[in-house]
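# Understanding the architecture of this molecule
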Amino acid sequence: MIESYNTVRQAGAKEIVIKKSRFIGHVMPVENEMEAIAFIEDIKKKHWNATHNCSAYMIGERDEIQKQSDDGEPSGTAGKPILEVIRNQGLKNVAIVVTRYFGGIMLGAGGLIRAYTDGAVAASEAGERIKRVLHQQVLVEVDYTWLGKVENELRNHEIRVGETFFTDKVTIVCLPRNSEAEAFKAWIVDMTQGQSLISEGEQLYYIEGE
């Protein structure tokens, strides 16, 4: 799994007007190609009377899936610039549709490329760009006598914490960044003077700064 990636928080849409043509940029975070295709089809149904619904999506840790569609616009003037916006902004697992309602003024190839680029940028802004960072679950089991100190140190070092389980001992689910997990485990062992039992859980992505 990669250490971090940029995507959008939520579905969003934003409209811009260029030489009387309406361009509506729609964006959706997606986990797989099926979700991307369903999103595009949903926009096409919603805007069935639009002149064009051009789209692109990029999916996978290494951008394995990249698709684009000009939907009737001249080849290379719509789907490609939308895909380029996704790529240039470093976004992953994102689908964008730019809907056009023709306003009567021809834009030319260069104008179309700029318009669909601007529509895709507007869409990504509407979805709120975020960074997701990989974290490692580290389960720290200690006696109750260590609970106060461990909790205080975790708070002081701003370590993300999940659930805490209380049995005959206490198990705190800690979530350091994956890149810092080994150093974190060594720090816990040192802090508890070796009186802690440490194990690993899942690797999970969290939004940076939250």
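The notes below deal with the structure included here. (Residues numbered from 1 in each chain as written. Predicted model: local features only at pLDDT ≥ 70, side-chain atom pairs only at ≥ 80, totals over all residues. Heavy atoms only, no water.)

This next bit is on helix H3 (residues 108-126). Compared with the 27 Å implied by 1.5 Å per residue over 19 residues, the 27 Å span of H3 between its first and last C-alpha is a close match. Those residues of H3 that fall on the buried side of the exposure criterion are Gly111, Leu112, Ala115, Tyr116, Gly119, Ala120, Ala122, Ala123 and Ser124. Remark: Glu128 follows H3 within two positions and exhibits a positive phi of approximately 65 degrees. (Helix = DSSP H or I, 4+ residues; strand = E, 2+ residues; numbered from the N terminus. Expected span 1.5 Å × (residues − 1). Buried < 20%, exposed > 50% of the residue type's maximum accessible area, 1.4 Å probe, protein only.)

With that settled, consider the packing of helix H2 (residues 79-88) against H3. The geometry of a pair of packed helices is captured by two quantities: the angle between their axes and the separation between those axes. Close contact between H2 and H3 brings their axes to 8 Å; oriented N to C, the two are set at 40 degrees. In terms of orientation, H2 and H3 fall into the oblique class. Crossing geometry of H2 relative to H3 is assigned as right-handed. For the pair H2 and H3, the contacting residues are Pro81, Ile82 and Val85 in the first and Ile113, Tyr116, Thr117, Ala120 and Val121 in the second. In the contact of H2 with H3, the residues fall into 7 nonpolar, 1 polar and no charged. (Axes fitted to C-alpha atoms, helices over the stretch in contact; angles between N-to-C directions. Parallel < 35°, antiparallel > 145°, perpendicular 65-115°, else oblique. Left-handed = near helix turned anticlockwise from the far one by under 90°. Contact = heavy atoms within 4.5 Å. Nonpolar A, V, L, I, M, F, W, Y, C, P; charged D, E, K, R; others polar.)

Let's shift gears to the packing of aromatic side chains. One pass over the structure, following the stated rule, counts 4 aromatic pairs. Ring plane angle 75 degrees and centroid distance 5.1 Å describe the contact between Tyr5 and Tyr205, whose orientation is recorded as edge-to-face. Taken together, the positions of Tyr5 in strand E1 (residues 4-8) and Tyr205 in strand E10 (residues 197-207) put the pair 200 residues apart, joining distant regions of the chain. On the basis of relative accessible area, Tyr5 is assigned to the buried category, the value being 12%. Ring geometry for Phe184 versus Trp187: centroids 5.8 Å apart, planes at 50 degrees, classification tilted. (Phe/Tyr/Trp six-rings, centres within 6.5 Å; stacked < 30°, edge-to-face > 60°.)

For the rest of this paragraph, the subject is the environment of Tyr205. The buried category is assigned to Tyr205, whose relative accessible area is 18%. The spacing of Tyr205 and Ile2 is 203 residues in sequence and 9.8 Å in space, taken between C-alpha atoms. Once you skip the residues sitting within four places of it in the chain, Tyr205 turns out to touch Met1, Ile2, Glu3, Tyr5, Glu61, Arg132, Val133 and Leu134. Within polar-contact distance, the side chain of Tyr205 engages the backbone oxygen of Ile2 at 2.7 Å. (Polar contact = N/O pair within 3.5 Å; in protein donor to acceptor, adjacent residues only side chain to side chain.)

What follows deals with the pattern of salt bridges. Working definition: two side chains of opposite charge can pair if their charged atoms are close together. All told, the structure shown has 13 salt bridges when counted by the stated rule. Salt-bridge contacts for Arg9 lead to Glu210; the nearest nitrogen and oxygen are separated by 2.5 Å. With Arg9 in the loop between E1 and strand E2 (12-18) and Glu210 in the segment after E10, this residue pair connects regions lying 201 residues apart in the sequence. By relative accessible area, Arg9 is classed as partly exposed at 30%. We note a salt bridge from Asp63 to Lys92, for which the minimum N-O separation is 3.0 Å. Here Lys92 lies in the loop between H2 and strand E6 (94-101) and Asp63 lies in the loop between strand E4 (52-59) and strand E5 (65-69), a separation of 29 residues in the sequence. What you see here is one network of salt bridges that share partners, running through Arg9, Glu128 and Glu210. (Salt bridge = Lys/Arg side-chain N within 4 Å of Asp/Glu carboxyl O.)

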